[in-house]
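Read off the chains here:
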Amino acid sequence: MITNETKIDLEFNTRVSMRLAGKLRLLLFGCAAVILICGGVVLGLEIPRGKEADYFFAILLLSLGVFFAILGAVYQPFMRLALKKSMQGKESVQRYAFAEDGYEQVAVLNDGTESRTQGNYAAFTECREFSDMWLLFLNKSTIFAVSKSGMKEGSAEELTALFMRVFAHRYKTCFQRK
């Protein structure tokens, strides 16, 4: 039996959200760069035309490129602010017990209420390992986030080995191992 206790707070939820967003910030910056280059090219083609030049499309592209760049820059702080507003002190502690034949999860909220879930690994659609956590996907909207720093019994390496065995082809490593 391998046990883990993960504190679900604003910091951890922000990290989970950034992991789920994946390369979204990189995509926003890439789109911004392409749009800014296109806007520069259109502007460069309009300048030699002089008085009959139409700068609207060039200015629109440049403005859109700047918008995407700003959106990429403020994505994480905006996500953190949205999570802070939605959580409003609803922190919890998730206690997980993992065995070869299944798992048990106990969620304890700040007010002391408790919920218990148990099942087998066949219910999960995917497991992703990151350098600091595992994300266990029950479906597209239900995810168990397990922090590697929350290990109580057993080690993170033992849990990784267990997940690799029980998830097989549904297990993905999303970082470079040392």
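Thresholds, definitions, all that
Each chain carries its own residue numbering, running from 1 in the direction its sequence is written. In keeping with the model being predicted, local features are shown solely for residues with a pLDDT of at least 70 and side-chain atom pairs are shown and tallied solely at 80 or more, while totals for entire chains, interfaces and linings include all residues. Only hydrogens and water are set aside when side-chain values are computed; all heavy atoms of the structure are taken into account. Strand pairing is assigned whenever DSSP identifies at least 2 bridges connecting the two strands. Here a strand is any run of E in DSSP of at least two residues, a helix any run of H or I of at least four, and the numbering for each starts at the N terminus. Working convention: axes come from line fits to C-alpha atoms, limited for helices to the stretch in contact. Angles between N-to-C directions cover 0 to 180 degrees. The criterion used for residue contact is that any of the two residues' heavy atoms lie within 4.5 Å. Throughout this description, any angle smaller than 35 degrees is read as roughly parallel, any larger than 145 degrees as roughly antiparallel, any in the 65 to 115 degree range as roughly perpendicular, and the remainder as oblique. Left-handed describes a crossing in which the near helix is turned anticlockwise from the far one by less than a right angle; the clockwise case is right-handed. Three categories are distinguished: nonpolar for Ala, Val, Leu, Ile, Met, Phe, Trp, Tyr, Cys and Pro, charged for Asp, Glu, Lys and Arg, and polar for the others, with Gly belonging to the last.

**Description of the sheet that holds strand S7 (residues 143-147)**
Part 1 of the argument: Strands sit in the order S7-S6-S5-S9 across an open sheet of four strands; the sheet is mixed. Where the open sheet ends on each side, the last strands, each with one partner, are S7 and strand S9 (171-173). In this sheet, neighbouring strand axes are inclined to one another by 15 degrees on average, regardless of whether the strands run parallel or antiparallel.
Part 2 of the argument: Bridging between strand S5 (residues 126-129) and S9 involves three bridges; their strand directions are parallel. The partner of cysteine 127 across the bridge, within S9, is tyrosine 171.
Part 3 of the argument: Across the face of the sheet, helix H1 (residues 10-21) comes into contact with strand S6 (133-137) and S7 while running at roughly 65 degrees to S6.
Part 4 of the argument: Relative to the sheet, helix H5 (residues 156-167) contacts S5, S6, S7 and S9, its axis offset from that of S6 by approximately 25 degrees.

**Here we look at the packing of H1 against helix H4 (residues 75-87)**
Part 1 of the argument: Two elements in contact, H1 and H4, have axes whose closest approach is 10 Å; the angle formed by their N-to-C orientations is 130 degrees. Between H1 and H4, the crossing angle belongs to the class labelled oblique. Considering how the two elements wind past one another, H1 and H4 form a crossing that is right-handed. Only Tyr75, Gln76, Met79, Arg80, Leu83, Lys84 and Met87 of H4 make contact with H1, whose side of the interface consists of Leu10, Glu11, Asn13, Thr14, Ser17, Met18 and Ala21.
Part 2 of the argument: Class assignment of the residues belonging to the contact of H1 with H4 gives a composition of seven nonpolar, four polar and three charged.

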